[in-house]
Amino acid sequence: MSGENQLVDASRTSDAVPPRAPAAPAPAPSRARRLAAPALTLAAAAAALAYVGTVDPNEPGHYPVCPLFRLTGILCPGCGGLRSAHAFAHGDLVAAFGANAMAVVGYFAFAGFMILWLVRAGRGGPSPRFALRPLYWWGIGAVALVFSVVRNLPFGSALAP
């Protein structure tokens, strides 16, 4: 009988934790809070484009020279990107494409991603994920490599800045 009393006494001690009530769901973030990240990202990109649009990369001394081009004379896939951004900021798509065609494709891909992100954030949906399968990354790398090789050959001089 004393064993039963000990069990009963042990279960009635003050160390017992009372059951918790279920947690209330967190309130949904406000529309302004949901739009903050994409809006700030877009503002930073617009500020960078405005800076490159204002400070002409065609004039020497404003931006550093591509290290690969300086050391080897070979144009990398990014060579001409600043000139392309400058022309793009001024609305000259032909000159932007002529300076760096891959950069122009990137500008439009970024614009599409930003539109998707802003729409989803405005509707309260999940943020878009930029997760590609490894095969796609290899494909993008192969396109960049072919672009880089072709723009350095005589027949691909139209792709050179």
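For the structure itself, look to the data block above.
1. Some points on the overall build of the protein chain
On a plain count of helices and strands, the protein chain comes out with 7 helices and 0 strands. Taken from the N to the C terminus, the helices and strands of the protein chain come in the order α-α-α-α-α-α-α. Split into buried and exposed, the 161 residues of the protein chain put 19% on the buried side. Taking the contacts inside the protein chain whose residues are at least 6 apart along the sequence as the reference set, 56% of them involve residues at least 24 apart. Summed over its atoms, the accessible surface of the protein chain is roughly 11,900 Å², and 68% of this surface lies on carbon and sulfur atoms.

2. A look at the state of the cysteines
Scanning the entire structure with this criterion turns up 0 disulfides. Here Cys66 is not disulfide-linked; the sulfur of Cys79 is the nearest cysteine sulfur, at 3.5 Å. Not engaged in a disulfide, the cysteine Cys76 finds its nearest cysteine sulfur in Cys79; these two sulfurs lie 3.6 Å apart.

3. What about helix H7 (residues 134-151)?
If you check H7, its first and last C-alpha atoms are 26 Å apart, about what 18 residues at 1.5 Å a residue would give, namely 26 Å. Among all positions of H7, only Ala144, Phe147, Ser148 and Arg151 are buried. Down the axis of H7, the smallest arc covering the buried residues is 100°, so these residues share one side. Away from the buried face of H7 by more than 90 degrees, exposed residues Pro134, Leu135, Trp138, Leu145 and Val146 are located. Summarising the contacts, the buried residues of H7 are in contact with helix H5 (93-99) and helix H6 (101-123).

Parameters and conventions
Residues numbered from 1 in each chain as written. Predicted model: local features only at pLDDT ≥ 70, side-chain atom pairs only at ≥ 80, totals over all residues. Heavy atoms only, no water. Helix = DSSP H or I, 4+ residues; strand = E, 2+ residues; numbered from the N terminus. Buried < 20%, exposed > 50% of the residue type's maximum accessible area, 1.4 Å probe, protein only. Contact = heavy atoms within 4.5 Å. Areas by Shrake-Rupley, 256 points an atom, 1.4 Å probe, with all protein chains shown as cover. Disulfide = S-S within 2.5 Å. Expected span 1.5 Å × (residues − 1). Arc of directions from axis to C-beta.

These figures come from the coordinates and say nothing about function on their own.
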